[in-house]
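A look at the structure
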Amino acid sequence: MNRPELDYYAVLDVPRSATKQQITLAYRRLAIRLCPHRDKKDAQDFVPLAQEGRLTHMSPMAETKQWAYVNMAFDVLGNDLYRAIYDRYGEAGLFEGVMLPNGYFPPYQYHGNHLKVYESVFGSYSPYANVIDAITNPPSLYTSKYLGVGVRSKDADTEKIIQLSLEEVRSGCVKLMHVWRQEIVDAKESRLEKRKHTLKLTIAPGTTAGTRFCFKEEGDRYPATIPGDIIFIAADKPHPDFERRNHHDLVYRYDIDLSQALTGFIFFISTLDKRQLKIVITDVVQPDYRKVIPLEGLPKCRNLDAVTAIKEANKEVDQFGDLIIEFNYIFPTYLTPTMKSMTREFFREFHKLEMELQEEEARNMQ
């Protein structure tokens, strides 16, 4: 059964086109009046909404109910990613989860801590919050091999090279990376065990070599230290037919003989996405000659953030590099006397015809 969706913009009394600053100001205006922890003796300093001329559809509700709705609305609209999903897919998409271009967005769930939202905007529930927290909830002290006791330090990061084929770079893919790490297996934090942990690595089309994928604090777990990061570094796996150049261009090398270089030829190339390109060469293939096929290279990786990726979800990737075809000349390894004589005779006649053509062109130019 479909349930009615909550209009978060109406809750904060802002238009859908409101900027993030306007949304924050609207929340501050409402929260300062609705916060149940405000000092009652200062109640006269806060003019009720009814007296301010700002009656909304939430006015008949109890203040506790309004307080809950206002914080939930700002938790969504104050976050660029949540707001983009809400604007595009509605509250249903936000709560049920959606598939985004850069991976699956899990269902959103409001944490229910209204003061957490309030403090994120106003900075604190009290000007003396840091002192109060340090007294009532002091930070834990952990053993350290340097000072005996102290704040935990972070372990060194672990870097791993991941080889990507050009086919994977062309279309993009998702890789499940299995890593072995030390984990604490008892409540007393006295026993460690090596266990396999799986990380999901999303490879965007056109990912360049050297791109770093960081999984924060996913390293070994030790009682006295903060886990280090696991970083995967992309590298190009050698390909039998193509070579990457300038991040998004592909280079293909084709062997030809002298006859083909002079008279032209036709051949086919199997692309990374399993298509057949028919290449027709009618020019004389001179040294350093290259044939460029536009937009047949690798996609240009834009590394969009999640919010921009949602907005451009239905747009096709139309930015590609070029396919550059280079030619290798294959010369005969040996010529018999007869073959040499025939070759000399051929080029003698060839140069004679070439001179006649030049003279004819010169006469036509006069």
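Residues numbered from 1 in each chain as written. Predicted model: local features only at pLDDT ≥ 70, side-chain atom pairs only at ≥ 80, totals over all residues. Heavy atoms only, no water.

- Per an unreviewed UniProt entry, the protein chain carries the name Blast:DnaJ homolog subfamily B member 13 and comes from Drosophila guanche.

1. Quick word on the confidence of the model for the protein chain
- Summing up the model confidence of the protein chain, the mean pLDDT is 82 and the portion of residues at 70 or higher is 79%.
- No element of the protein chain has a lower mean pLDDT than strand 3 (residues 142-144), which averages 46, and none a higher one than strand 14 (residues 265-270), which averages 96. (pLDDT = per-residue confidence, 0-100. Helix = DSSP H or I, 4+ residues; strand = E, 2+ residues; numbered from the N terminus.)

2. Section: the packing of helix 2 (residues 20-34) against helix 4 (residues 63-77)
- The interhelical angle for the contact between helix 2 and helix 4, taken along N-to-C directions, is 160°, at an axis separation of 10 Å. Between helix 2 and helix 4, the interaxial angle falls into the category roughly antiparallel. Along this stretch, helix 2 crosses helix 4, giving a crossing that reads as left-handed. On helix 4, the residues touching Ile23, Thr24, Tyr27, Leu30, Ala31, Arg33 and Leu34 of helix 2 are Glu63, Gln66, Trp67, Val70, Asn71, Phe74 and Leu77.
- Its residues placed into classes, the contact of helix 2 with helix 4 shows nine nonpolar, three polar and two charged. (Axes fitted to C-alpha atoms, helices over the stretch in contact; angles between N-to-C directions. Parallel < 35°, antiparallel > 145°, perpendicular 65-115°, else oblique. Left-handed = near helix turned anticlockwise from the far one by under 90°. Contact = heavy atoms within 4.5 Å. Nonpolar A, V, L, I, M, F, W, Y, C, P; charged D, E, K, R; others polar.)

3. Observations concerning the pairing of strand 13 (residues 249-257)
- For strand 12 (residues 242-245) and strand 13, the ladder comprises four bridges, and the chain directions are antiparallel. Residue pairing for strand 13: Arg244 is matched across the bridge by Leu250.
- The antiparallel hairpin formed by strand 12 and strand 13 contains three residues in its connecting segment, where Asn246 sits at a positive phi of about 55°.
- Across eight bridges, the pairing between strand 13 and strand 17 (residues 323-330) is parallel. Paired with Asp255 across the bridge in strand 17 is Asn328. (Pairing = 2+ DSSP bridges.)

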